[in-house]
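# Structural features, examined
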Amino acid sequence: KGAKAKKSRSSRSSRAGLLFPVSCVARQLRRGHFAERFGARAPVYLAAVLQWVTHKTMDVAGKISKKSKQQRISPSHLQMAVQKISVLKQLLRGGVPRRHVRAVPQSKRVASPSKKKMTKSKKR
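Residues numbered from 1 in each chain as written. Predicted model: local features only at pLDDT ≥ 70, side-chain atom pairs only at ≥ 80, totals over all residues. Heavy atoms only, no water.

### Overview of the overall build of the protein chain
Within the protein chain, the secondary structure is distributed over five helices and zero strands. In sequence order, the protein chain lays out its α and β elements as α-α-α-α-α. The buried share of the protein chain, taken over its 124 residues, is 16%. Pairs at least 24 apart in sequence give 32% of the contacts found in the protein chain among residues at least 6 apart. Summing over all exposed atoms, the protein chain offers an accessible surface of approximately 12500 Å²; the carbon and sulfur share of this is 55%. (Helix = DSSP H or I, 4+ residues; strand = E, 2+ residues; numbered from the N terminus. Buried < 20%, exposed > 50% of the residue type's maximum accessible area, 1.4 Å probe, protein only. Contact = heavy atoms within 4.5 Å. Areas by Shrake-Rupley, 256 points an atom, 1.4 Å probe, with all protein chains shown as cover.)

Take a look at the structure:
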């Protein structure tokens, strides 16, 4: 009798190595009507970005609370952390953070003069 081995179920978050729930992010994307369709990797990427932003903010807020000799992170610590991180400050203000990298145009190849030996012009 064909008994099949059951596959162990694992969440999309654990497969992606994330702590934030990928399935909840996917559900919110569907309910938000941001687009008609989105790829399977979109909620994974968004969950990873949200996890990074949270980690960065909490890390800086924890350092601020240690400096002020407190054991708990308060909302003021979070506010100061966001003010310190320029990318988050700009993101939460409503702007789109952009990198300040100038595009360097590729130099056009200029034909160098040939290095043929110049012969003396014949006298007339």
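On we go.
### Some points on the environment of leucine 19
Among the structural elements, leucine 19 can be located in the loop between helix H1 (12-16) and helix H2 (22-32). Residue classification places leucine 19 among the exposed residues on the basis of a relative accessible area of 77%. Considered as a pair, leucine 19 and alanine 48 are 29 residues apart in the sequence and their alpha carbons are 8.5 Å apart.

### Let's talk about a nonpolar patch on the surface
On the surface, Tyr45, Leu46, Val49 and Leu50 cluster together to form a nonpolar patch covering roughly 370 Å² of accessible area. Within the secondary structure, leucine 50 is located in helix H3 (residues 42-67). Taking relative accessible area as the criterion, leucine 50 reaches 39% and is therefore assigned partly exposed. (Patch = residues over 30% accessible without salt bridge, like charges linked within 9 Å, V, L, I, M, F, W, Y side chains within 5 Å. Salt bridge = Lys/Arg side-chain N within 4 Å of Asp/Glu carboxyl O.)

### Re the pattern of salt bridges
Under the criterion given, the structure shown has one salt bridge. The salt bridge partner of lysine 63 is aspartate 59, with a shortest N-O separation of 3.9 Å. Residue lysine 63 and its partner aspartate 59 are located together in helix H3, separated by four residues, close to a single helical turn. You can call aspartate 59 partly exposed: its relative accessible area is 36%.

### Section: the packing of H3 against helix H4 (residues 75-84)
Close contact between H3 and H4 brings their axes to 8 Å; oriented N to C, the two are set at 115 degrees. When the axes of H3 and H4 are compared, the crossing they make is right-handed. For the pair formed by H3 and H4, the contact residues are Thr57, Met58, Val60, Ala61, Ile64 and Ser65 on the first element and His77, Leu78, Met80, Ala81, Val82 and Lys84 on the second. Classifying every residue of the contact of H3 with H4 gives eight nonpolar, three polar and one charged. (Axes fitted to C-alpha atoms, helices over the stretch in contact; angles between N-to-C directions. Left-handed = near helix turned anticlockwise from the far one by under 90°. Nonpolar A, V, L, I, M, F, W, Y, C, P; charged D, E, K, R; others polar.)

Worth remembering: the numbers are spatial, not functional.
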